[in-house]
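Topology and contacts: notes
Given next are the chains, with one letter for each unit.
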Amino acid sequence: MTNADPFVIVAGFDGSKQSHDALQWAIEEARYRKAELRVLTVWNKAPMSWYPALLETAAGEVVAAEDSPELQAKALSAAAAQAAAGVNVVTQTVKDDSAASAILKAAREADLVVLGSRGHGGFAGLHIGSVSTQVTTHSPCPVLVVRPKAAAALRGQAKTG
């Protein structure tokens, strides 16, 4: 990174409460550093159910086609861009990749990665999710994992600050 290169922050965003907290942290960090914020949302095409107007998710849920993973990812990206108003933000939706793999690819050009401690994974009792674990283990740059207490402190700071 030269003095002319912007500081780049990558944030993984899946719409979970933890990813919202991480996004808020990344937005504040981007403001502080006058950095470029790159928000990544990853989606996979759900297998089709027996009726073509419906999609069946990997968890066995049936959703209307208008609630497809692609449209949900695009809506999440738009919400992230709106939340980051006033920050140099770039949103990207990535199809047919694992979240960890997509974030690690983006991390190659980043100075910092910000993630929530957990996403939408199925093991609610875990303190850190599989994506956060993979990214912290393999990232070529520093990774900040936002835990619920840190997010609460940030929210409290925003109210009093």
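This text goes with the structure placed above it.
Everything in this summary refers to the structure shown in the same document. It should be emphasised that the depicted structure is a prediction, and the values quoted were computed from it without experimental measurement. (Residues numbered from 1 in each chain as written. Predicted model: local features only at pLDDT ≥ 70, side-chain atom pairs only at ≥ 80, totals over all residues. Heavy atoms only, no water.)

1. A few points about the overall build of the protein chain
Cut-off, in case you're wondering: Strands here are runs of E lasting at least two residues and helices are runs of H or I lasting at least four, both read from the DSSP assignment and numbered beginning at the N terminus. Burial classes follow relative accessibility: with a 1.4 Å probe on protein chains only, a residue under 20% of its type's maximum area counts as buried, one over 50% as exposed, and anything between as partly exposed. Throughout, a residue-residue contact means that at least one pair of heavy atoms, one from each residue, lies within 4.5 Å.
Across its full length, the protein chain holds five helices and seven strands. Expressed as a percentage of its 161 residues, the buried residues of the protein chain come to 37%. Within the protein chain, residue pairs in contact and separated by at least 24 positions form 70% of the contacts whose partners lie at least 6 positions apart.

2. What about helix 1 (residues 17–33)?
Each turn of an α-helix holds 3.6 residues, which means side chains three or four residues apart point in the same direction. Going by this rule: Expected span of a helix: the number of residues minus one, times 1.5 Å.
With 17 residues, helix 1 extends 24 Å from end C-alpha to end C-alpha; this agrees with the ideal 24 Å at 1.5 Å per step. Of all the residues in helix 1, the buried ones are Ser19, Asp21, Ala22, Leu23, Ala26, Ile27, Glu29 and Ala30. With its phi angle positive at about 55 degrees, Lys34 sits one or two positions after the end of helix 1.

3. So, the pairing of strand 2 (residues 36–43)
Definition in use: By this definition, two strands are paired if DSSP reports at least two bridges between them. A clockwise path from the first strand over the helix to the second, with the strands pointing away from the viewer, defines a right-handed crossover.
Among the eight residues that make up strand 2, six are buried, leaving the element largely enclosed by the rest of the structure. Sheet analysis places strand 1 (residues 8–12) next to strand 2, joined by five bridges and oriented parallel. Bridge pairing in strand 2 links Ala11 to Val39. You can see the chain leave strand 1, run along helix 1 and come back into strand 2, and the turn it takes is right-handed. In this sheet, strand 5 (residues 88–95) lies alongside strand 2 in parallel orientation, the contact comprising eight bridges.

4. What to know about the layout of surface pockets
A water-sized probe, rolled over the atoms, reveals where empty space remains. For clarity, the threshold we go by: Both cavities and pockets are sets of points on a 1 Å grid over the protein atoms alone; in a cavity a 1.4 Å probe fits but cannot get out, in a pocket the set is open with protein on both sides within 12 Å along at least five of seven lines, and lining residues sit with an atom within 4 Å of a point. Grid points are joined across faces, edges and corners, and a volume is the space filled by probe spheres set on the points. Residues were grouped as follows: Ala, Val, Leu, Ile, Met, Phe, Trp, Tyr, Cys and Pro as nonpolar; Asp, Glu, Lys and Arg as charged; and all remaining residues, including Gly, as polar.
Taken as a whole, the second largest pocket holds about 160 Å³ of empty space. Lining the second largest pocket are 13 residues, with Leu40, Gln92, Ala102, Lys105 and Ala106 sitting closest to its centre. Put simply, the parts of the chain that give the lining of the second largest pocket at least two residues each are strand 2, strand 5 and helix 3 (99–107). It is strand 5 that provides the largest number of residues to the lining of the second largest pocket, a total of four residues. Taken together, the residues of the lining of the second largest pocket break down into seven nonpolar, two polar and four charged.

5. Notes on the pattern of salt bridges
So the rule is basically this: Each salt bridge in this description consists of a side-chain nitrogen of Lys or Arg and a carboxyl oxygen of Asp or Glu lying within 4 Å of one another.
Under the defined criterion, the tally for this structure stands at five salt bridges. Notably, a salt bridge pairs Asp21 with Lys17, separated by 3.3 Å at the nearest N-O pair. With Asp21 and Lys17 both in helix 1, this residue pair falls four residues apart, about one helical turn. Of the charged contacts, one joins Arg38 and Glu36 as a salt bridge, the two residues approaching to 2.4 Å between their closest N and O atoms. A residue is classified by how much of its surface remains accessible, and Arg38, at 23% relative accessible area, is partly exposed. Salt bridges here are not isolated pairs; linked through shared partners, they connect Glu36, Arg38 and Glu109.

6. What to know about the environment of His138
Position of His138 among the secondary structure elements: in helix 4 (residues 130–138). For the pair formed by His138 and Ser101, sequence separation is 37 residues and the distance between their alpha carbons is 9.7 Å.

7. Observations concerning the packing of aromatic side chains
Note the cut-off: Any pair of Phe, Tyr and Trp rings, taking the six-membered ring for Trp, is counted once the centres come within 6.5 Å. Such a pair is stacked with planes under 30 degrees apart, edge-to-face with planes over 60 apart, and tilted for the rest. Look at NZ for Lys and CZ for Arg. If either is within 6 Å of the ring centre and within 35 degrees of the ring normal, a charge sits over the ring.
The full count for this structure, using the stated rule, is zero aromatic pairs. Here the basic side chain of Arg33 rests over the ring of Phe7, its NZ or CZ set 4.3 Å away from the ring centre.

8. A short note on the packing of helix 3 against helix 4
In plain terms, the rule: Only C-alpha atoms enter the line fits that serve as axes; for helices the fit covers just the stretch in contact. Angles between N-to-C directions range over 0 to 180 degrees. In these notes the angle categories are as follows: under 35 degrees is roughly parallel, over 145 is roughly antiparallel, 65 to 115 is roughly perpendicular, and the rest is oblique. Should the near helix be turned anticlockwise from the far one by less than a right angle, the crossing is termed left-handed; should it be turned clockwise, right-handed.
Look at helix 3 against helix 4: their axes get within 9 Å of each other, and the N-to-C directions meet at 30 degrees. By the angle class used here, helix 3 and helix 4 are roughly parallel. The chirality of how helix 3 crosses helix 4 is right-handed. Residues Ala99, Ala100, Ile103 and Leu104 of helix 3 lie in contact with helix 4, whose contacting residues are Val131, Gln134, Val135 and His138. Looking at the contact of helix 3 with helix 4 residue by residue, the classes come out as six nonpolar, two polar and no charged.

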